[in-house]
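Here is how the chains run, residue by residue.
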Amino acid sequence: MENYATPRYSTSRLLRQFWHNRLIAAVTITVMALIVGATVVRALPRGPATAFQALAVMLFCFLLGLAAGMVMRSRWAILLTSAAYILAVEIGQLGTVGPTVGPIRLDEAFGVLALLLGRGFHTLVAILPIIAGVGMGAMLANRLDQKRAASVRPGCQRASAVLTVALIVLAGLIALPASTPAILGEDGRVLPGSIASLEQVSIGNHQQWIMLRAQSIDNPVLLYLSGGPGQSDLSYSRVFFEDLTRDFVVVSWDERGTGKSYSSLDPTETLTLEQAIANTTELTDYLRERFDEQKIYLMGESWGTLLGVLSVQKYPERYHAFIGSGQMVDVQESDRQIYQALLQSANQSENQPLIEKLQQYGEPPYKDIPYANGFMMSQYPQLERSYTPPQAYTQLGMSSRLGPFNILGSEYNLVEKVNILRGLIDMFTVMYPQIQSVDFRQSVQQLAVPIYTLDGAAELPARREPLLEWFDRLDAPKKELFTFENAAHSVAFEQFEALANILRETVLPETYSQ
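Every value quoted in this text rests on a predicted model; they were computed, and no experiment measured them.

Participant: Just checking my understanding: could you explain the sheet that holds strand β6 (residues 319-325) for this structure?
Facilitator: Within a sheet, neighbouring strands are paired by backbone hydrogen bonds and run either parallel or antiparallel to one another. Here 8 strands make up an open sheet; going across it, the order is β1-β2-β4-β3-β5-β6-β7-β8 and the pairing mixed. At either end of the open sheet lies a strand with only one pairing partner, and these are β1 (195-203) and β8 (479-484). Taking each pair of neighbouring strands and ignoring which way they run, the sheet shows an average axis angle of 20°.

Have a look at this one:
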């Protein structure tokens, strides 16, 4: 009996020193929480950005809470431990670039969203485990104290059990892996020779994710560059570009700092436009070698057209052709024209709140990025021409149930779903100022590869007019403009059926030779 009792009474004697001196207990758990918080933020300056990181933070914070509960034997430990942890994290994040970790902006819709995605998600995976740990720790401490063992209330036990179950459920949801559906044959089985995979590759010394889908790995390779900067389109491209897998190995890429690759955002000092071009080239070479192709196809949407054109301009020998959708030409000029059009509309309608808001931001280039950009995007409907997207597009979009920003797609685990929006906000903030000086009318007057551009007639004039001017002047071995009356900016998606036909019937015959 004595051998079994000794550890319990030894632990009780150690803890009793804290129980009888609340000040020492408070100082101890404060120091513990500060150390844990500082350690976490040093390793993860943006908080947990992968499933593994989130689970690790949950474990460490639960152990922190358990220790705090045993030391202080009071629910006040929840407040003290949480406050110290949050303080350490906030101090550690000072100087980190991006709205999700930067100054809190409750005056902007994007500011509230950034708060929820950054600090809100980190709080969920850190503070909930602390609360559960404190409750369990306090209950264990009371059981070790013979004088208070009988006073442990059933309600506290139930609350502790509920929190523990919630913690286990959250951990389980975080641990659920992402996947992309297999490509099936007519018999409902996986098509022999096909590929459907999510893979992590090292690009520019950073781990980044790509999705590969094809009915045959012998098809020519098509690399798709998403919009943004900062947007992730993995699930969108899987749904809307599925027909392309008949003719291509379709590769969708979550660029550094976006979606599944959000954890590679830092250091932001090295995330430059030149580095983005270098990353595109490195991924191109990886795909060329892997699939034994001398050249590949490059297709871009919005921001992806800027990156794509600059890449094929610099390394034309690597590409069969470039396909552009929502082609951008001069970002700053487009922003300036949109600003002026909105200000004129506001003056005509005597919309004083809108006038004041626009005057607050000032003319482009915007200094208040991404908040000014987010607000301006919300006003685009005032400037857009009315049009009706193809029924096939709206029906497929609804039936796929991908949700806004394809956040419900199977290609993302729970943490990556958060990262879709975190990446859009933070990566945009880093990259957008760097593309303000781009004007293809001046810097890209000639390309050494064929270019095929999808033009939406309902696109904002501020974007479409520079495109038409540039395209008319552009010198290329082959160039063709495909105009669609019932499309605006995201032409490749809105006209996904026409895109497949153009690539199959025009682009491939004119540019591909094995």
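Participant: Help me out: how do you make sense of the environment of P220 in this one?
Facilitator: Position of P220 among the secondary structure elements: in the loop between β2 (206-214) and β3 (221-225). We classify P220 as buried; its relative accessible area is 7%. Considering only alpha carbons, one finds P220 and L343, 123 residues apart in sequence, at a separation of 47 Å. Those residues in contact with P220 that sit more than four places away from it in its chain are D247, F248, V249, E293, Y297, L508 and Y512.

Participant: I would appreciate a short explanation of the pattern of salt bridges in the present structure.
Facilitator: Two side chains bearing opposite charge may form a pair once their charged atoms approach each other closely. For the coordinates displayed, the defined rule picks out 28 salt bridges. For E317, the salt bridge goes to R318, with nearest N and O atoms at 2.8 Å. The exposure class of R318 is buried, given its relative accessible area of 15%. Salt bridges sharing partners connect three or more residues here, namely R105, D107, E108, K357 and D368.

Participant: Could you clarify how one ought to interpret a nonpolar patch on the surface in this entry?
Facilitator: The grouping of L23, V27, V31 and I35 at the surface amounts to a nonpolar patch, some 370 Å² of accessible area in total. For I35, the position within the fold is in helix α2 (residues 22-43).

Participant: What should I look at first to understand the nonpolar core in this one?
Facilitator: A general feature of soluble globular proteins is that nonpolar side chains tend to end up buried together. In terms of nonpolar packing, the biggest core is built from 69 residues, with L223, L287, F440 and W470 touching the most fellow members. With 38 residues, the next largest nonpolar core counts A51, A68, V125 and L128 among its residues.

Participant: In this structure, what is going on with the pairing of β1? I would like to understand it.
Facilitator: When a strand is regular, its side chains alternate between the sheet's two faces. By the bridge criterion, 9 bridges tie β1 to β2 in an arrangement that is antiparallel. Within the sheet, the bridge partner assigned to I203 lies in β2 and is H206.

Participant: Got a minute to help me understand the side chain of E416 in this structure?
Facilitator: Looking at the element boundaries, E416 is found in helix α15 (residues 414-431). Residue classification places E416 among the buried positions, given a relative accessible area of 7%. Sequence-distant contacts of E416, that is, excluding residues within four places in its chain, are made with A178, K260 and E411.

Participant: Mind showing me how you'd approach the packing of aromatic side chains here?
Facilitator: The relation between two aromatic rings is expressed through the spacing of the ring centres and the mutual angle of the planes. The tally for this structure, following the rule as stated, stands at 13 aromatic pairs. Taking 5.8 Å as the distance between ring centres and 90° as the angle between the ring planes, the aromatic pair formed by F240 and F493 counts as edge-to-face. On the criterion of sequence distance, the pair formed by F240 in helix α8 (residues 234-240) and F493 in helix α18 (residues 491-494) is long-range, its members being 253 residues apart. An identical accessibility class is assigned to F240 and F493; each is buried. Consider the rings of F440 and W470, whose centres lie 5.5 Å apart with planes at 45°: the pair is tilted. Placement of F440 in helix α16 (residues 440-443) and of W470 in helix α17 (residues 461-473) is noted, with a sequence separation of 30 residues between them. Each member of the pair, F440 together with W470, is buried. When the ring centre of W209 is taken as reference, the NZ or CZ atom of K260 above it lies at 4.4 Å.

Participant: Can you walk me through the packing of helix α11 (residues 331-348) against helix α12 (residues 352-361) in this structure?
Facilitator: Each packed pair of helices is defined by two parameters, the angle between the axes and the distance between the axes. At a minimum axis distance of 8 Å, the contact between α11 and α12 shows a crossing angle of 150°. It follows that α11 is roughly antiparallel to α12 by the angle criterion. The way α11 lies across α12 gives a crossing that is left-handed. Of the residues in α12, those touching α11 at Y339, L342, L343, A346 and N347 are L354, I355, L358 and Q359.

Participant: I tried to follow the pairing of β8 on my own but got confused; where do I start?
Facilitator: Judged from the 6 bridges that link them, strand β7 (residues 451-456) and β8 form a sheet pairing that is parallel. Bridge pairing links G456 to F484 in β8. The handedness of the β7 to β8 crossover, carried by α17, is right-handed.

Participant: Before we go on, may I ask you to explain helix α10 (residues 303-314) in this structure?
Facilitator: Three or four residues apart is the spacing at which side chains of an α-helix point the same way, because the helix has 3.6 residues per turn. Taking 1.5 Å of rise per residue, 12 residues should cover 16 Å, and α10 covers 17 Å from first to last C-alpha, within 8% of that figure. Along α10, 10 of the 12 residues are buried, which leaves the element largely enclosed by surrounding structure. Among the residues making up α10, those that are buried are W303, G304, T305, L306, L307, G308, V309, L310, S311 and V312.

Participant: Please explain the packing of helix α3 (residues 51-72) against helix α4 (residues 76-92) as it appears in this structure.
Facilitator: Relative to each other, α3 and α4 sit at 135°, their axes nearing to 9 Å. For the element pair α3 / α4, the angle class is oblique. Regarding α3 and α4, the two cross each other, and that crossing is right-handed. For the pair α3 and α4, the contacting residues are V57, C61, L64, A68 and M72 in the first and W76, A77, L80, T81 and Y85 in the second.

Participant: Where do I start with unusual backbone geometry in this structure?
Facilitator: Negative phi values dominate among residues other than glycine, just as trans dominates among peptide bonds. Residue P229 is reached from G228 by a cis peptide bond, and omega for that bond is 0°. Position of P229 among the secondary structure elements: in the loop between β3 and α8. In this structure, the amide linkage connecting I369 to the following residue, P370, adopts the cis form with an omega of 5°. Its place among the elements puts P370 in the loop between α12 and α13 (371-378). Look at D292: it is not a glycine, yet its phi comes out positive at around 55°. Secondary-structure assignment places D292 in the loop between α9 (273-290) and β5 (296-301). Here the phi dihedral of R401 falls at roughly 55°; this positive angle occurs in a residue that is not glycine. Here R401 falls in the exposed class, since its relative accessible area comes to 66%.

Each value, and the rule that gives it
Residues numbered from 1 in each chain as written. Predicted model: local features only at pLDDT ≥ 70, side-chain atom pairs only at ≥ 80, totals over all residues. Heavy atoms only, no water. Pairing = 2+ DSSP bridges. Helix = DSSP H or I, 4+ residues; strand = E, 2+ residues; numbered from the N terminus. Axes fitted to C-alpha atoms, helices over the stretch in contact; angles between N-to-C directions. Buried < 20%, exposed > 50% of the residue type's maximum accessible area, 1.4 Å probe, protein only. Contact = heavy atoms within 4.5 Å. Salt bridge = Lys/Arg side-chain N within 4 Å of Asp/Glu carboxyl O. Patch = residues over 30% accessible without salt bridge, like charges linked within 9 Å, V, L, I, M, F, W, Y side chains within 5 Å. Areas by Shrake-Rupley, 256 points an atom, 1.4 Å probe, with all protein chains shown as cover. Core = buried A, V, L, I, M, F, W, Y, C linked by side-chain atoms within 4.5 Å. Phe/Tyr/Trp six-rings, centres within 6.5 Å; stacked < 30°, edge-to-face > 60°. Lys NZ or Arg CZ within 6 Å of the ring centre and 35° of its normal. Parallel < 35°, antiparallel > 145°, perpendicular 65-115°, else oblique. Left-handed = near helix turned anticlockwise from the far one by under 90°. Right-handed = clockwise from strand over helix to strand, strands pointing away. Expected span 1.5 Å × (residues − 1).

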